[in-house]
Amino acid sequence: MKSEVKIWSPATVANLNVGFDTLGCALAAPGEIMKLKRIDDPGRVVINCIEGADLDLNPENNVASVAAKSLLNSLGNPCGIEIEIQKTILPGSGIGSSASSAAAAVVGVNELLQAELRLDELIPFALDGEFLASGARHADNIAPAIMGGLVLCPPQGAFHVLPVPPNWHIVILHPQVPVRTLEAREVLPVHVSLAAAVEQSAWLGSFVASCFEGDGASAALALKDLYIGPYRSALIPHFDSIREIAMERGARAGGISGSGPSTFWIALNSDDAQSIAEGIQAFMSNTDIDYRLYSTQIAPKGAHLIQ
Ligand code: HSE
C-alpha cells in the first residue's frame, strides 16, 4: 500500500444530444485534483478540506467520501483514508463536477491500496457517490471520468469506449448559474412519441457508426437532440443567442452539456473553435452573468495518478 496519492480527474460532457444518460466524454480541461492519504483507522473516511467550492465536509454528504468508502469497504477496510479536494468544476455546472470527484476518489483508493481493479470495475463504486448528487445511477459522466475518451453506457453489459471523432475541438461555456440535476430531470417528458424515439435512435446509431468510420464531420452532424434540449433550454441563460453565435462561427453541432447550464460546441478545426470562443466571450461579457469558457478536446485518459 502507498501512504499518499494525488489524482487528476477530468470534467465530462454527458448526453452529447444523442445519448441521454448513456453517452459521455472526458475533457482535457477543466479537471480537478484530489489527494488521498492512508490513516490507521480501518474503514474511516474523512474529508480534511475542500478548496474552490462550498461543499459539505461531512463524509456522509460528499460524493467523494461516499464513493471512496464504498470501494474501501469492498476491499475489506484495510485502513482509513483522509481526502483533500481542490475543486475547479463548480457543483451544478453540467460538466460533471460530482462525477469528477467520485472518479478521483475511486481511482485514488485503487492506487493507494494498490488494489489493481480494472477501470470499469471502479464504476459501480463511483456511482454510489454520484447517486447522492443526482438521485440516479446513470454512468454517462462517471464512465468517461474514469475510463477517459468517449464512452457509451448501455443499460446492461460492458461499457463501450468508442473511437474519438477526429478533428473535434470542443468549446465549453459554463455560465456560473447553478442548475441542479434533480430539477433539470424534472422538466423532462415522461413519455416521448414513437416517431421521435425512432428518429433519435437513428441519430445515435449514425453517430456511433461515424465514430467507427473516423468521420468527425458526420459524427457532429448526427448530434440531433429531439427530446431533451427542447425542454431544458429554458433553464440555460441566453441559450438561443449562444447557439446562434456558435453556429455562425463554424460550430458543426452543440447543445446542453449534461443537465446544464454549461453548453458544448463542436468545431472541426482550431480556428473555428477560437472564433466560437471569441464570439461567445464577446456576447457574455455584455451580460451580467459570470462565466468560464474552455477550448478543449476529448481527453484520452480519465482520472489518473499524477504523483
Ligand atoms: N444524463 C444526465 C442528465 C447527466 O442529463 O440528467 C447529468 O448528470
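Just above, that's the structure.
Predicted model, so just to flag it, every value in this text is computed and none were measured.

**Digging into the overall build of the protein**
From N to C terminus, the protein includes ten helices and eleven strands. Taken against the 2.2 N^0.38 rule, which gives 19 Å for 307 residues, the C-alpha radius of gyration of the protein at 19 Å falls within 12% of a compact globule. Its C-alpha atoms put the protein at 60 × 45 × 35 Å along the principal axes. Counting all 307 residues of the protein, 52% fall into the buried class. If you take every contact in the protein between residues at least 6 apart in sequence, the share linking residues at least 24 apart comes to 75%. For the protein, the exposed surface amounts to about 12900 Å²; the carbon and sulfur share of it is 51%. Taking the 19 positively charged and 32 negatively charged side chains of the protein as two groups, their mean positions are separated by 4 Å.

**Considering helix α6 (residues 194-213)**
With 20 residues, α6 should cover 28 Å at 1.5 Å per step; its first-to-last C-alpha distance of 28 Å lies within 8% of that length. Restricting attention to buried positions, one finds in α6 the residues A196, Q200, F207, V208, S210 and C211. Looking straight down α6, one finds its buried side chains confined to an arc of 160 degrees; they lie on one side. Across α6 from its buried face, at more than 90 degrees, point the exposed residues L194, A195, V198, F212 and E213. Against the buried residues of α6 lie β2 (23-39), β5 (150-152), β6 (160-162) and α7 (216-221). Looking one or two residues past α6, G214 carries a phi angle of roughly 70 degrees, positive in sign.

**Quick notes on the packing of helix α9 (residues 239-248) against helix α10 (residues 270-284)**
Contact geometry for α9 and α10: axes closest at 8 Å, N-to-C directions at 150 degrees. Relative to α10, the crossing made by α9 is right-handed. Contacts between α9 and α10 involve S241, I242, I245 and A246 from the former and I276, G279, I280, F283 and M284 from the latter. Of the residues contributing to the contact of α9 with α10, the split by class is seven nonpolar, two polar and no charged.

**Quick look at the environment of N269**
Tracing the backbone through its elements, the reader meets N269 in the loop between β9 (263-267) and α10. Separated by 177 residues in sequence, N269 and G92 place their C-alpha atoms 29 Å apart. Sequence-distant contacts of N269, defined by excluding residues within four places in its chain, comprise N167 and H169. For N269, the side chain forms a polar contact with the main-chain nitrogen of D272, separated by 2.7 Å.

**Describing α9**
Along α9, the residues that are buried comprise F239, I242, I245 and A246. Axial view of α9: buried residues confined to an arc of 130 degrees, hence all on one face. Exposed residues lying more than 90 degrees from the buried face of α9 are D240, E244 and E248. Taken together, the buried residues of α9 touch β7 (169-175), β8 (253-256), β9 and α10.

**What to know about the packing of helix α2 (residues 97-112) against helix α3 (residues 119-134)**
With their axes 9 Å apart at the nearest point, α2 and α3 run at an angle of 145 degrees to one another. The interaxial crossing formed by α2 with α3 has right-handed handedness. Taking contact as the criterion, the partners of S98, A99, A102, A103, V106, V107 and N110 in α2 are, on α3, L122, F125, A126, E130 and A133. Partitioned by chemical class, the residues of the contact of α2 with α3 number nine nonpolar, two polar and one charged.

**Comments concerning the pattern of salt bridges**
Taken as a whole and assessed by the stated rule, the structure comprises nine salt bridges. For the salt bridge of R180 with E183, the shortest nitrogen-to-oxygen distance reads 3.3 Å. Take E183: its relative accessible area is 43%, and that puts it in the partly exposed class. When salt bridges with common partners are traced through the structure, they connect R118, D120 and E121 into a single cluster.

**Quick look at the environment of L112**
Along the chain, L112 turns up in helix α2. Distance from L112 to P178, taken between C-alpha atoms, is 33 Å for residues 66 residues apart in sequence. Other than its neighbours up to four places away in sequence, L112 contacts M1, K2, S3, E4, V5, L36, K37, R38 and I81.

**What to know about the sheet that holds β7**
Strand order in the open sheet formed by four strands is β8-β9-β7-β10, and the pairing between neighbours is antiparallel. Edge positions in the open sheet fall to β8 and β10 (291-296), since each of these has one partner strand only. If you compare each strand with its neighbour and ignore which way they point, the axes differ by 15 degrees on average. When β7 meets β10, the two strands line up antiparallel, connected through six bridges. Within β10, the position partnered with I172 by the bridge is Y294. Of the strands in this sheet, β7, β8 and β9 touch α9, which is tilted by about 10 degrees from β9.

Thresholds applied
- Residues numbered from 1 in each chain as written.
- Predicted model: local features only at pLDDT ≥ 70, side-chain atom pairs only at ≥ 80, totals over all residues.
- Heavy atoms only, no water.
- Helix = DSSP H or I, 4+ residues; strand = E, 2+ residues; numbered from the N terminus.
- Rg over C-alpha atoms; globule rule 2.2 N^0.38 Å.
- Buried < 20%, exposed > 50% of the residue type's maximum accessible area, 1.4 Å probe, protein only.
- Contact = heavy atoms within 4.5 Å.
- Areas by Shrake-Rupley, 256 points an atom, 1.4 Å probe, with all protein chains shown as cover.
- Lys, Arg positive; Asp, Glu negative; His and termini not counted.
- Charge placed at Lys NZ, Arg CZ, Asp CG, Glu CD.
- Expected span 1.5 Å × (residues − 1).
- Arc of directions from axis to C-beta.
- Axes fitted to C-alpha atoms, helices over the stretch in contact; angles between N-to-C directions.
- Left-handed = near helix turned anticlockwise from the far one by under 90°.
- Nonpolar A, V, L, I, M, F, W, Y, C, P; charged D, E, K, R; others polar.
- Polar contact = N/O pair within 3.5 Å; in protein donor to acceptor, adjacent residues only side chain to side chain.
- Salt bridge = Lys/Arg side-chain N within 4 Å of Asp/Glu carboxyl O.
- Pairing = 2+ DSSP bridges.

None of the figures reported here should be taken as evidence of function without further support.
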